[in-house]
Amino acid sequence: EGMALPQMIFPLEKICMDWQQRQRPGAGLFNLGNTCYINVILQCLTYTPPLANYLLSYKHSQTCQQQGFCMMCTMEAHVRKVLCSSASAILPGAVLKDLKFIGEEFEYGRQENAYEFLRCTLNAMHRACLSGHCDLDVSSQETTIVHQIFGGFMKSRVTCLSCQAVVDSYKAFLDVSLDIRVRASSLTTVLEDCVTPKQLDQKECFRCSKCKKKATASKKVTVHHAPRVLTLCLERADQWTGTKISKFVEYPEYLDLRPYMSDTSGEPLLCSLYAIVVHSGDTCLEGHFLCYTKASNGLWYKMDDESVDNCDIHTVLGQQAYLLFYAR
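First things first, this report covers the structure right here in the doc.

Criteria and thresholds
- Residues numbered from 1 in each chain as written.
- Predicted model: local features only at pLDDT ≥ 70, side-chain atom pairs only at ≥ 80, totals over all residues.
- Heavy atoms only, no water.
- Helix = DSSP H or I, 4+ residues; strand = E, 2+ residues; numbered from the N terminus.
- Buried < 20%, exposed > 50% of the residue type's maximum accessible area, 1.4 Å probe, protein only.
- Polar contact = N/O pair within 3.5 Å; in protein donor to acceptor, adjacent residues only side chain to side chain.
- Contact = heavy atoms within 4.5 Å.
- Pairing = 2+ DSSP bridges.
- 1 Å grid on protein atoms, 1.4 Å probe; cavity = no way out; pocket = protein on both sides within 12 Å on 5 of 7 lines; lining within 4 Å.
- Points joined across faces, edges and corners; volume = space filled by probe spheres on them.
- Axes fitted to C-alpha atoms, helices over the stretch in contact; angles between N-to-C directions.
- Parallel < 35°, antiparallel > 145°, perpendicular 65-115°, else oblique.
- Left-handed = near helix turned anticlockwise from the far one by under 90°.
- Nonpolar A, V, L, I, M, F, W, Y, C, P; charged D, E, K, R; others polar.

What to know about the side chain of Thr35
Okay, so step 1: Examined against the element boundaries, Thr35 turns out to sit in the loop between strand S1 (28-29) and helix H1 (36-46).
Okay, so step 2: Judged by relative accessible area, which is 2%, Thr35 ranks as buried.
Okay, so step 3: A distance of 2.9 Å separates a polar atom in the side chain of Thr35 from a polar atom in the side chain of Asn31.
Okay, so step 4: The contact partners of Thr35, leaving out residues within four places of it in the chain, are Phe30, Leu96 and Tyr108.

So, the pairing of strand S13 (residues 307-311)
Okay, so step 1: Sheet analysis places strand S12 (residues 300-304) next to S13, joined by five bridges and oriented antiparallel. Looking at the pairing, Met303 lines up with Val308 of S13.
Okay, so step 2: As consecutive antiparallel partners, S12 and S13 are separated by two residues, and within that stretch Asp305 has a phi angle of approximately 55 degrees, a positive value.

Let's talk about empty space enclosed by the protein
Okay, so step 1: Within the structure shown, the criterion is met by three cavities of 30 Å³ or more.
Okay, so step 2: Here the largest cavity is characterised by a volume of approximately 50 Å³.
Okay, so step 3: In terms of lining, the largest cavity is formed by Asn113, Arg236, Lys244, His279, Cys284, Phe289 and Tyr322.

Side note on the packing of H1 against helix H6 (residues 114-129)
Okay, so step 1: Two elements in contact, H1 and H6, have axes separated by 9 Å at closest approach and are oriented at 50 degrees. With respect to H6, the axis of H1 lies oblique. At the point where H1 passes H6, the crossing takes the right-handed sense. For the pair H1 and H6, contact is made by Tyr37, Ile38, Val40, Ile41 and Leu45 and by Ala114, Phe117, Leu118, Thr121 and Leu122, respectively.
Okay, so step 2: Of the residues contributing to the contact of H1 with H6, the split by class is nine nonpolar, one polar and no charged.

Structure (C-alpha cells):
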C-alpha cells in the first residue's frame, strides 16, 4: 500500500494449482550416505502441483540465460526424471554434484537439516529466476515463480499502550517456523498463539511517534497475504538445550488460514495437506528423514529414500511431523 505496483516477472494467471496430468507416483531416491535430508525435500517439491506443472512445461530452461549452475534447470531435469522414469529408484546426481552451489554450509556425506536444505533450495531457485533481472526493485524481485507459489507477507502491528497509536510493517516469507514448546497440542493452537498480541519485552525499547515518549507496547503478527503453498516448520530442536522436542502435534488435512489473516472476515482460505517430512531419531543432529506425499493420482505414499509405498491419510496424520506442506 502506498508503493508502486511491482513489475511482474511471472504472471499470476499462469500458475496452475491442479495437476495437469495424473499418474502413479514416480521413482524413489537412492541414499548415498546421509543424503536423506536432500531426498525428502526433493520429493516434497516434486509433488508440489504448481511447481511441478511449471517445471514439466520446460518454460524456464527454454529461456534460461544463466551461465553455469542453475537451480531451476537442475530441478526441472530432476522432476522430469523422477516422474517419467520407469525405474523404481534413481540417483539425484545433479543435486548432489552441485550441493555447494545450493548452500555453502552443506558438506557431502554429513547429516544436515532438511529444513535448512529446503530454505537454501528455494532461495537458489529464486536467484536463478532473477538471472537477467538485476535492475528490479525489491518488490518486483519477489514476483518470481518461487515467490508466486511459496511466498506470502506477514504484517506486524505494534500498538502503543499509552496512546493506542499503531505502526504497521510488512515482511515477505517463503516458509513459517513455529515454536511448539508452549501450548502445542495442535497446529491450530500454535497458530492461534502466534496471532495473539504480546506485550513487548522491556528490552525492546519502543518510542511512540505520536505521543513522543518511550512507552510499553504490544505486537501482533498476522498473515497479510497468504501464499499459494504454505510451508510450516514445527521447531523440534529446543533452542536452549539442543534436545529434540518429540511431542505429537495434531495437524489437520484441511487448514483454514482465515482466522490467522490480517483480515479475518470473508470467505475461508482453505489449504490442503499434500506433503509432510518426519524426522526419526533421539536428537536433531542425527537420525533419519522420510516423507509422505500425495501423488497426482490423489493417493498418499510413504517415501523413504528408494522405497515408495502406499499409505492412507490416517497414517499421514498420525506422524510426529517436522515439516508440513499445504496448498491452497
